[in-house]
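What follows is each chain in one-letter form.
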Amino acid sequence: MISELNLIPVIDLLQGQVVRAVRGDRQAYRPIVSALCASSDPVTVARILCDHCAARQLYVADLDALQGRATQIAVLVDLLQALPGIELWLDAGLADASAGQALRSQLAPYASRIVFVYGSESLRSREALERCFGNGAGEDEVRAALSLDRRDGQRLDAAGCWDAVALWPQRLIVMTLERVGSGAGPDLETLQEVRRLAPGAMLIGAGGIRSEDDLARAGAAGADAWLVASALHDLQLPRTRR
């Protein structure tokens, strides 16, 4: 069961460093202290995590952009150049399709290797959601994912993404922020509900993984992949054999 679940390592970027995400409390994030890699340099951490997981994808949360500051373009370019075989999933707080198109232009040489993540916490309106994933979204929709975000039982969802099942794309992330870095276990109940509504989607869970047993349960609950960070840094998951 574990081998069938794709692990996608995560790095959270804040002011050019990798930080440890805990329960979505971004003001309290500090540079990563890891048993796996003795550095908070993004390229160093990304290489070690991807190697440990035998990963073909890397998820990057640009916390500067998510908090309204400029996207860390130089760091993203460094990562894309240093990891030429990796597909980068990028959450940069995109509010609408035009923001995604502008960022795609800034990263144009690498656009074919980037999946832009539109988070329900960031999308500004239902119209923005429709332009990202509705009819006519075109190539941008193909290279994008929707993150269904919630914290402490509350949906973070000004655009109404959670209820707009007809607009959901093929890539869906179930992001339970209070589980991130918490050691509280994965939110499988929410994941199962999304799987029921989107049986054909690629479904990626996020938050709470502590062990191989958790991964097995996540796979049984319908996850195709899981975003992981703390469990890797704390050596709770063994190295994946290629």
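Heads up: the structure comes first, above all this text.
Residues numbered from 1 in each chain as written. Predicted model: local features only at pLDDT ≥ 70, side-chain atom pairs only at ≥ 80, totals over all residues. Heavy atoms only, no water.

### Quick look at the overall build of the protein
Assigned secondary structure in the protein consists of nine helices and eleven strands. Across its three principal directions, the C-alpha atoms of the protein cover 45 × 40 × 35 Å. Excluding contacts between residues fewer than 6 apart, the proportion of contacts in the protein whose partners are at least 24 apart in sequence is 72%. Summing over all exposed atoms, the protein offers an accessible surface of approximately 10500 Å²; the carbon and sulfur share of this is 46%. (Helix = DSSP H or I, 4+ residues; strand = E, 2+ residues; numbered from the N terminus. Contact = heavy atoms within 4.5 Å. Areas by Shrake-Rupley, 256 points an atom, 1.4 Å probe, with all protein chains shown as cover.)

### Focus: the environment of Arg210
One can find Arg210 in the loop between strand E10 (202-206) and helix H8 (212-221). According to the relative accessible area criterion, Arg210 is partly exposed, its value standing at 32%. Sequence-wise, Arg210 and Gly183 are 27 residues apart; in three dimensions their C-alpha atoms are separated by 6.0 Å. Not counting residues up to four positions away in its chain, the partners in contact with Arg210 are Gly183, Ala184, Gly185, Pro186, Arg217 and Gln236. Of note is the side chain of Arg210, whose polar atom sits 2.8 Å from the side chain of Asp214. (Buried < 20%, exposed > 50% of the residue type's maximum accessible area, 1.4 Å probe, protein only. Polar contact = N/O pair within 3.5 Å; in protein donor to acceptor, adjacent residues only side chain to side chain.)

### Some remarks on the packing of aromatic side chains
Inspection of every chain in the model, using the stated rule, returns one aromatic pair. Ring geometry for Tyr118 against Phe133: centres 5.8 Å apart, planes inclined by 85°, an arrangement best described as edge-to-face. You can see Tyr118 sitting in strand E6 (residues 114-119) and its partner Phe133 sitting in helix H5 (residues 126-133), a full 15 residues away along the chain. (Phe/Tyr/Trp six-rings, centres within 6.5 Å; stacked < 30°, edge-to-face > 60°.)

### So, unusual backbone geometry
Even without being a glycine, Gln15 presents a positive backbone phi close to 50°. Tracing the backbone shows Gln15 in the loop between strand E1 (6-14) and strand E2 (17-20). Backbone geometry places Ala54, a non-glycine residue, at a positive phi of 50°. On the secondary structure map, Ala54 appears in the loop between helix H1 (42-53) and strand E4 (57-62).

### Quick notes on the nonpolar core
Counting 69 residues, the largest nonpolar core has Ile11 and Leu90 as its most contacted members. Per-element tally for this core: the top contributor is helix H3 (residues 73-82), with seven residues. Setting aside anything within four residues of it in sequence, one finds Leu90 in contact with Val60, Leu76, Leu103, Leu107, Ile114, Val115, Phe116 and Val117. (Core = buried A, V, L, I, M, F, W, Y, C linked by side-chain atoms within 4.5 Å.)

### Topic: H8
Of the residues making up H8, those classed as buried are Asp214, Leu215, Ala218, Gly219 and Ala221. The buried residues of H8 all sit within an arc of 160° when viewed along its axis, so they share a single face. Counted as exposed and oriented over 90 degrees from the buried face of H8: Asp213 and Ala220. If you follow the buried residues of H8, they end up packed against E1, helix H7 (188-197) and strand E11 (225-228). One side-chain oxygen at the N-terminal end of H8 lies 3.3 Å from the backbone nitrogen of Asp213; it belongs to Ser211. Positive backbone phi, at 115°, marks Gly222, one or two positions downstream of H8. (Arc of directions from axis to C-beta.)

Note that all results are geometric; they support no functional claim without further evidence.
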